[in-house]
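Residue-level structural notes
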Amino acid sequence: MIARRQLAIALAATLLLAPSLRSHAATAPTAPAAAQADAAPAAPPALYLGAAWYPEQWPESRWDTDLALMQQAHIRFVRVGEFAWSRLEPSEGHYDLDWLDRAIRAAQRHNIAVVIGTPSAAPPAWLTTEYPETLRIEEDGKRAQHGNRQQFDWSSPKYRELARAMAEQEARRFGHDPNVIGWQIDNEYANASYGPSTQAQFQNWLKARYGTLDNLNARWTTAYWSQTYNDWSQIPIETKPGNPGLLISWMRFVSDTWRSYQKNQLDVIRANADPRQFITTNMMGFFNGYNNDLVAQDLTMASWDDYVGTGQLNPVSNGAAHDLTRGFLRKNFWVMETQPGSVNWSPDNNPLNKGEVRAMAWHDIGHGADAVEYWQWRSALNGQEEYHGTLLGADGNPNPLYPEVAHIGADFAKAGPALAGTSVQSDVAILHNYDSYWAIDWQRHNKAFDPLATMIDWYGAVRALAHSVDIVSPSVPLSQYKLVVAPALNMITEAQARNLIDYVQNGGHLVLTQRSGMKNIDNGLYTQLQPGPLADLLGGHVAQFYALDTTIPVSGTWGTGPTKVWADMLTTTSPDTKVLMRYGKTPLGWLDDQPAAITRQVGKGRITYIGADLEGAPLAAAAKWMIADAGVQPEFGTLPPGVDLYIRKDATHEVWILINFGAAPQTVALPTAFTNVLTGTGGATVHTAALKQYDVVILQRPTSTPGGKP
Ligand code: GLA
């Protein structure tokens, strides 16, 4: 596995230390018509540059200076209010939204649109004092206390009632405000609660899902270790280790509860807001404390907070997080927060290099983002995050990064028309589901088997050749893809298996890798060996799996290399299933000369299972083989080292974004003539692009065939 340890460390920084985990009825008046009508909204830009602004932390006399500085940097939106509950409802039922209205009007005067964050991630002290039952109960049974944020219990009916009332006030006041373009619900959903009332809700959830205890007991095989339940109230909350059926059910309950928590506010906003106002929440990339995909389904747009933490941007793993987020609703998304240089919560809070912030912004756009927002504009003078990167210093003046961000703003304004209406369109999909991630993570079997790193290894290998990859759930329609790769898709429901079988039978090429198709919907074992419900189609299966403490050679169609960590020993059951790779001889003995990768042509389609843990040249060769076999025809061969390419298109034209993340300058020979979007004049075309480190070149050309295929 390529640089798995490094990747794991990098991901730990972004996942485990995800910012918010560090922690740190009266009738609403409607908006005064005069206040809303005082300025017509400017035409919305195609690409939005934004900043997280906290007007409640500053005297109003300062607002105009801040907004003027934002306007100078081409900042076109601010997100406000997501932690301002104590200012919006200073005491129960007494709302004060006038200051927010004034902030929205002030922004409007500077041609800056507003996204309102509902403040439920930070309940005020009066609320948790009056209603202590709204405070989250930690896994160790202790109740969270006031003084930080995210101390609420997401399953508490009282908390939901109060959060909804607050959101309703805001939606009634600003739901038709011309300068409000969207809503962010809460902020970085993260923490569940583990108290008795949540447990009772979980038990009811199980009752609704399983119907009878006999059914639940059978599907979880509770006869094992005498776990059999004869009353719903006996079922505990279990996070790890525990019965696999109980574990997966808890995570599904957590996810459903976030969804209903979100819907509680979403419905009241939707009922009071113009349809043109989007509703999103800011997710956290690979954070897997709940099923992000499921929760995103009720939103009008996905968004996420993109923090590098320690080190420099890794375009592959970071790109995968973008593509994962884009895959939830299979359309463009927003980067709702990103670091202006550095963060404050990593073990080492180094800044991004000069030029890297701009390169990263274009990397975001290349992956399908239509907005990039910097968190935050100016640091509060006290509070938990005094050291975090900002665009202004504590003195209120621009810091050294400000001109680079203003450069991004100028770029966005210039390139916006070319990118308007374009999206990422891929021939290749990587499948990802949270069930598989959790199932493997609870039972890694070899601690070095990291399901996320496995996905990213395959993503990187195919993306290097195809230049564009979607990451989607195995439940979505797949017919648009020529190649679908399912890395370690451990849990496949019967409906998902049907979807995959149909895909292959209709001519698609499906590649499954290690540990795929082992688990059923209850996190139990399929009685057909893996890939379980896909084994008949494959004409083969995994005869035995091995967690490795030694390196095994593997060789065949994709050359020779080592396999470490894991080996699935395959066997064929159909005469037309071909062996592509075999394991070599080692003292282990079991794997000697056994199949390590097999494939079967099915009509015009193909299904392949790769049992070896490929890395290096064989991994790259396998990716090349599947791309060619599936008929994916990228226009470009391998790009120079360090250079990344992103393509966005619509039916008439396509935009190529080239970025050089490497230290060495590179020149890229283009396959056809392009116009340079940022620097071109008078329709002049170019055939090459020269890029020093962190340079960004944006190119445009007509799409030569309808539907976006050049
Ligand atoms: C998160 C939060 C922000 C802020 C930043 C700082 O993304 O949403 O409120 O805490 O982290 O890293």
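Data block above holds the structure.
Residues numbered from 1 in each chain as written. Predicted model: local features only at pLDDT ≥ 70, side-chain atom pairs only at ≥ 80, totals over all residues. Heavy atoms only, no water.

**Topic: the packing of helix H12 (residues 315-329) against helix H16 (residues 451-466)**
With their axes 10 Å apart at the nearest point, H12 and H16 run at an angle of 95 degrees to one another. Our classification of the angle between H12 and H16 gives roughly perpendicular. Along its contact with H12, which presents Val316, Ser317, Gly319, Ala320 and Asp323, the element H16 presents Ile456, Tyr459, Gly460 and Arg463. Each residue belonging to the contact of H12 with H16 can be placed in one class, and the counts come to 4 nonpolar, 3 polar and 2 charged. (Axes fitted to C-alpha atoms, helices over the stretch in contact; angles between N-to-C directions. Helix = DSSP H or I, 4+ residues; strand = E, 2+ residues; numbered from the N terminus. Parallel < 35°, antiparallel > 145°, perpendicular 65-115°, else oblique. Contact = heavy atoms within 4.5 Å. Nonpolar A, V, L, I, M, F, W, Y, C, P; charged D, E, K, R; others polar.)

**Quick word on H16**
The end-to-end C-alpha separation of H16 is 22 Å, in line with the 22 Å expected for 16 residues at 1.5 Å each. With 15 of its 16 residues buried, H16 lies for the most part within the structure. Of the residues that open H16, the one with a side-chain oxygen 2.9 Å from the backbone nitrogen of leucine 452 is aspartate 450. Backbone geometry just after H16 places histidine 467 at a positive phi near 65 degrees. (Expected span 1.5 Å × (residues − 1). Buried < 20%, exposed > 50% of the residue type's maximum accessible area, 1.4 Å probe, protein only. Polar contact = N/O pair within 3.5 Å; in protein donor to acceptor, adjacent residues only side chain to side chain.)

**Description of the packing of aromatic side chains**
Inspection of every chain in the model, using the stated rule, returns 37 aromatic pairs. Here tyrosine 54 and phenylalanine 83 contribute two aromatic rings whose centre-to-centre distance is 6.4 Å and whose plane-to-plane angle is 20 degrees, an arrangement assigned as stacked. On the criterion of sequence distance, the pair formed by tyrosine 54 in the loop between strand E1 (48-52) and helix H3 (60-72) and phenylalanine 83 in the loop between strand E2 (77-80) and helix H4 (85-88) is long-range, its members being 29 residues apart. Taking relative accessible area as the criterion, tyrosine 54 reaches 3% and is therefore assigned buried. When the ring of tryptophan 154 is compared with that of phenylalanine 253, the centres are 6.1 Å apart and the planes differ by 75 degrees; the resulting orientation is edge-to-face. Taken together, the residues span a long stretch of sequence, with tryptophan 154 in the loop between helix H6 (125-130) and helix H7 (157-174) and phenylalanine 253 in helix H10 (residues 244-272) at a distance of 99 residues. The exposure class assigned to phenylalanine 253 is buried, which follows from its relative accessible area of 3%. Between the NZ or CZ atom of arginine 87 and the centre of the ring of tryptophan 99, over which it lies, the distance is 5.0 Å. Over the ring of phenylalanine 449 we find arginine 515, and its NZ or CZ is 4.6 Å from the ring centre. (Phe/Tyr/Trp six-rings, centres within 6.5 Å; stacked < 30°, edge-to-face > 60°. Lys NZ or Arg CZ within 6 Å of the ring centre and 35° of its normal.)

**So, unusual backbone geometry**
At the junction of tryptophan 375 and glutamine 376, the peptide bond is cis and its omega measures out at 0 degrees in the coordinates. If you trace the backbone, glutamine 376 turns up in the loop between strand E9 (369-374) and helix H14 (402-419). We note that arginine 515 has phi near 70 degrees; this positive angle belongs to a residue other than glycine. Mapped onto the elements of the fold, arginine 515 is located in the loop between strand E13 (509-513) and helix H18 (535-538). Look at tyrosine 694: it is not a glycine, yet its phi comes out positive at around 70 degrees. Tracing the chain through its elements places tyrosine 694 in the loop between strand E24 (685-691) and strand E25 (696-702).

**A word on the pairing of E9**
The buried fraction of E9 is high, at 6 of 6 residues. By the bridge criterion, 4 bridges tie E1 to E9 in an arrangement that is parallel. When the bridges of E9 are listed, leucine 49 appears paired with valine 372. Where strand E8 (residues 333-338) meets E9, 3 bridges bridge the pair, whose relative direction is parallel. In the sheet register, valine 335 faces E9, and the bridge partner there is valine 372. One crossover worth recording links E8 to the parallel E9 by way of helix H13 (residues 356-366), and it is right-handed. (Pairing = 2+ DSSP bridges. Right-handed = clockwise from strand over helix to strand, strands pointing away.)

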